[in-house]
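Below, each chain spelled out in residue letters.
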Amino acid sequence: MTALLEARGIRKSFAGVMALHFVDIDVDAGETVGLIGPNGAGKTTFFNCVLGILRSDSGVVRFDGRDISGLRVHERARCGIGRTFQRIELFAESTVREHLLIAERTRHGTGRLWKDLLGMGRPHNDEIARCDEVLELLGLGAVAEAPIEHLSLGQGRLVEVGRALMTDPKLLLLDEPSSGLDRKETADLAATLRKVQSEKGFAILLVEHDVEFVAGFTERSYVLDFGTMIAQGPTREVLRDPIVREAYLGVPATEGT
Amino acid sequence: MTLATGVGADFLRALLQGTPPGTVYALVALGFVLTYKTSGVFNLAFGAQAYVSAAMYYKAHTEWGWSIIPALVLSVFVLAPAIGLTLERLVFRYLRTGTSVAKLVVTIGISLALPNIFELITNFKGVVGQTPAGIVPNGSGVFYDPFGVYPFSRDELTTIGVAVIAMLCLAALFRFTAIGLQMRAVVESPRMTELNGIRSDRVSAVSWALSSTFAGLAGVLIAPRFNTLAAPDFFNLVVVAIAAAILGRLVSLPRALAGGLGLGMVIALLGTFLPRWVDSNPWLRPFQENLTPAVPFVVLFGVLVLWPAIRRSREVSDPLSGVDPPISSLALATRSARSHLIGRVFTVGVLGTVATIVYFRADASWMFLVTQAVIMATIYLSVTMITGLAGQISLCQGTFAAIGGFGVYQLATLHGMSVLVAAPIAAVIAAAVGAVLSLPVLRLGGIWTAVATLAFAFFFDAVAIKFSWVGGGNTSLMQGTRVPRPVLGPWDFADDRAFLVLAVVVFIIVSIVVVQIRGGTIGRTLRAIRGSEVAAQSIGISPARARVVAFAVSAAIAALGGALLSIHQKNVNYGSNFSPVSSLFWLVLVVSLGARTIEGAALAGAAFSIFDPLILRGTIFGWILRSPKRVPGFFPISPKWRLILFGLGTLQFARHPEGAVEFWRGRTSRWLAARQQSAPPAPDEPTESIGVDGAVTS
């Protein structure tokens, strides 16, 4: 059986600097995988190559058995790859529910100009019901009508999760979800994510700095350093690996670039 | 005459001929890139700055009789840097966190306001039918022919010399001075420079002064090439400069220089060789006659379509973007349902009263103005569509409107179709043109849309309308582009009153279309893209597709309005209605009053048509004081104030993109809400959204 996400031999360089050096990563359906590494290790570059924001110099990305290397960002999203952002990206001047509504509408692809003109483009009751279901699941029911400018960062991140969920993803890419959150908020976020995941059954690929969060949240992890995969395996073992410890804490010369 | 003949000599002659304008284009391109890189401002006001210096030189030298040197010093080395510094200090320093599109809109406003401010202060009236003097005596009368191929006039040689000196000075400044080094650093990475303790506002001020001087110099040097001295000619200069600068991806100074020079030569080469093909391909004639606007357009679109690297330049991300402050939230709709309703009723009531008075009491001239206002409001809904909803700046709405007008002219007058059928067909044609036009710039968005549409507007203005299947060719020269008024059943729209009703009906229908789109899938999709393009893509939205739709709908609305305007005036009147400069003014008007709302478009329509006669000529005071004789003596105010006022009105766009109307309405309702809170609470106030009022008033 093939994995849900298969990235094979991803290579990317920026003006001669090798950001990713033949990286292979697999994510199976329903599993939770971490991708860790010090600053500048190439995590975000890898992420962008999977999402199609960057084109890798060589290598193949397969999703659900299909080669998606040539697809554009929004086409990959439609294949079932959802994501959140490190620095939250929400739609200004919209309420929380509107974020989910537009995602729901896009998933069905039923928006047409003539429907808008005939007044059929307004939110339908069944759409609103589906959005509210997800909002309840995330604990955002009380702020459904609030404009996103009035949310806390933690709530904003949950809105991103909810928006991604409305596209019915098979894989959710989380880009440093704990950044900007304190310990308690991080723990709450992890609990909510776990709850939603067990209900919806999607896979998660987590890029994260917070080793503690990764240790508690993921089963398996990959470790990148200077664009090269230096370790992979069950998260707890990986984190004990002396090479990994050196990459993170080790000699000053290799520290954060 | 030279003795050399043959293709080789022609080629050489064209290259030499293209050198003087090429060096001026290079100057403008350099100045343009300089401000863009050091302050992120895509300065479309560059042409206006060049015009002001050229006009100042003319005023001092020709009208006041100053000798050349003091006139040159005043116009280029005093006035030009002063304008640059003023703009930097009073305007752009406060817009640093604004988006590049917001800054672009502000520069458009300035480019309309600046020439008028200058003309008001110095009482300068544009020069027509006289070639402005150059900066050497008898510049256009003495010739030198160093290569025996092309005789340079004294003006041309001076142009080359001065431009080369200016560029050498710039190079020396960059190379040998501290401020030059800092400027280079800012060009490389503004943020890193600032983190290293260099005051980037000082660098920015210097580069504004410098680029403004370049603009002024270019203006004075290029002026003798025109046989008039008027602001629109100089606006075209900006388009040429952008085309030159784009070859260096808007960031490379050497490439901008090469681009400017190259463009000058290409224009001259085509000017030499194109006539040989025109005889066998007559459709080339409009190109040949208008190379200066046509070539930049072709270059610009060629680059956008054929050079994928320009698109990839967006991939360059700032490594420190994570530490950016969050974008300030917009003034939200904080109105309660009741005040919303009161506002609506009030608006409808006022409009109804005005409509009734106009319908029954107005004389022919007021009827004309009010009808025009309603039609302009319809056209402005196209700006609401593309700028308000899609967040894109289109500078060719006038061109789309012209397509509507010419479409009706062609279909109705030349092919005998009913006007009422022709107008929708023209709208569909414009929609197709808009969609095709938007294709190369779709993935770029932002300033590129503005640039591409601006180039298209000038191209249409110079070349396209000369084709007989567009502007009617020789027929229209003899008879004008006449358009009949329609008759529909019992209604004869030749009657002005009936036509006013028709205009109002069309406006209402188009308003409903815009409101439906805004509330429907497309409006929500566009709002998502405007909010965050990456996030919109992450849920499967294709920004390109949504923008094509927005562009096409906007073009169709503009064309419908343009058709209506032409029917109203019984003639297309391209020059006075739809020129590229009028597109700019439309955008400025709608943006400063409110690009997001129907009311904004309606007010902009009124402002376009009625502001001048009602306010500036003081008529309204005559009505209030019940006698035209008691109107204060300072009326009539110069109509230039309209351009100045609304041009400067764009300044608030960066911080309040919803426009003046929404802004003041928000203020008022917040003030009312605050008063209500100090008074005993009103029972069961229905609110539109939970938690909004509390957050605003707390």
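Keep in mind that this is a model prediction, so the values were computed, not measured.

(A) Inspection of the overall build of chain A at higher detail. Counting its regular elements, chain A contains ten helices and ten strands. Radius of gyration (C-alpha) of chain A: 19 Å, near the 18 Å computed for a compact globule of 257 residues. For chain A, the spread of C-alpha atoms along the principal axes amounts to about 65 × 40 × 35 Å. The burial tally for chain A puts 47% of its 257 residues in the buried class.

(B) Expanded view of the nonpolar core. Residue and element names in this part refer to chain B. In terms of nonpolar packing, the biggest core is built from 282 residues, with Val28, Ala29, Ala241, Ala430 and Ala559 touching the most fellow members. The dominant element in this core, judged by the number of residues it contributes, is helix α24 (residues 543-569), at 16 residues. Apart from residues no more than four positions distant in its own chain, Ala29 is found in contact with Ala241, Ala244, Ala245, Ala256, Leu257, Gly259 and Gly260.

(C) Broad picture of the interface of chain B and chain A. In this complex, chain B contributes 32 residues to the contact, which on the side of chain A involves 39 residues. Of all elements in the fold, only α21 (496-519), α22 (521-531), α23 (533-538) and α31 (692-697) of chain B reach the threshold of two or more residues within the side of chain B that touches chain A. By residue number, the principal contributor to the side of chain B that touches chain A is α22(B), which donates seven residues. Looking at the side of chain B that touches chain A, its residues break down into 14 nonpolar, 15 polar and three charged.

(D) Examining the sheet that holds strand β10 (residues 228-234) of chain A more closely. Residue and element names in this part refer to chain A. Pairing in this open sheet of six strands is mixed, and the strands run β6-β7-β8-β3-β9-β10 from one edge to the other. Two strands bound the open sheet, and with one partner strand each, they are β6 (81-83) and β10. Across this sheet, the average inter-strand angle for adjacent strands is 20°, counted without regard to direction. Note that strand β3 (residues 32-36) and strand β9 (residues 220-225) share four bridges and pair parallel. In the strand pairing of β9, Gly34 is matched with Ser221.

(E) Expanded view of the domain arrangement of chain A. Residues and elements named next belong to chain A. As assigned here, chain A comprises domain 1 (1-79 + 168-256) and domain 2 (92-167). In this assembly, 15 residues from domain 1 lie in contact with twelve residues from domain 2. The element best represented in the side of domain 1 that touches domain 2 is helix α7 (residues 183-200), accounting for eight residues. Among the residues making up the side of domain 1 that touches domain 2, the classes are represented as eight nonpolar, two polar and five charged.

(F) Fine view of the sheet that holds strand β2 (residues 17-27) of chain A. All names here are of chain A. Read across the open sheet, the four strands follow the order β2-β1-β4-β5; overall the sheet is antiparallel. Either end of the sheet is taken by a strand with one partner, and the two such strands are β2 and β5 (66-67). Sheet topology places strand β4 (residues 58-63) next to β5; two bridges connect them, and they run antiparallel. In the sheet register, Phe63 faces β5, and the bridge partner there is Arg66.

(G) Representation of unusual backbone geometry. The backbone of A:Asp64 shows a phi angle near 60°, a positive value even though the residue is not glycine. By the element assignment, A:Asp64 lies in the loop between β4 and β5. Look at B:Lys570: it is not a glycine, yet its phi comes out positive at around 60°.

(H) Representation of the environment of A:Arg78. For A:Arg78, the position within the fold is in helix α2 (residues 73-80). Each C-alpha atom of the pair A:Arg78 and A:Pro242 lies 40 Å from the other, and the pair is 164 residues apart in sequence.

Definitions and limits used
- Residues numbered from 1 in each chain as written.
- Chains lettered and ligands numbered in written order.
- Predicted model: local features only at pLDDT ≥ 70, side-chain atom pairs only at ≥ 80, totals over all residues.
- Helix = DSSP H or I, 4+ residues; strand = E, 2+ residues; numbered from the N terminus.
- Rg over C-alpha atoms; globule rule 2.2 N^0.38 Å.
- Buried ≥ 20, exposed ≤ 12 C-beta atoms within 10 Å, placed from the backbone.
- Core = buried A, V, L, I, M, F, W, Y, C linked by C-beta atoms within 7 Å.
- Contact = placed C-beta atoms within 7 Å.
- Nonpolar A, V, L, I, M, F, W, Y, C, P; charged D, E, K, R; others polar.
- Pairing = 2+ DSSP bridges.
- Axes fitted to C-alpha atoms, helices over the stretch in contact; angles between N-to-C directions.
- Domains from an automatic or database assignment.

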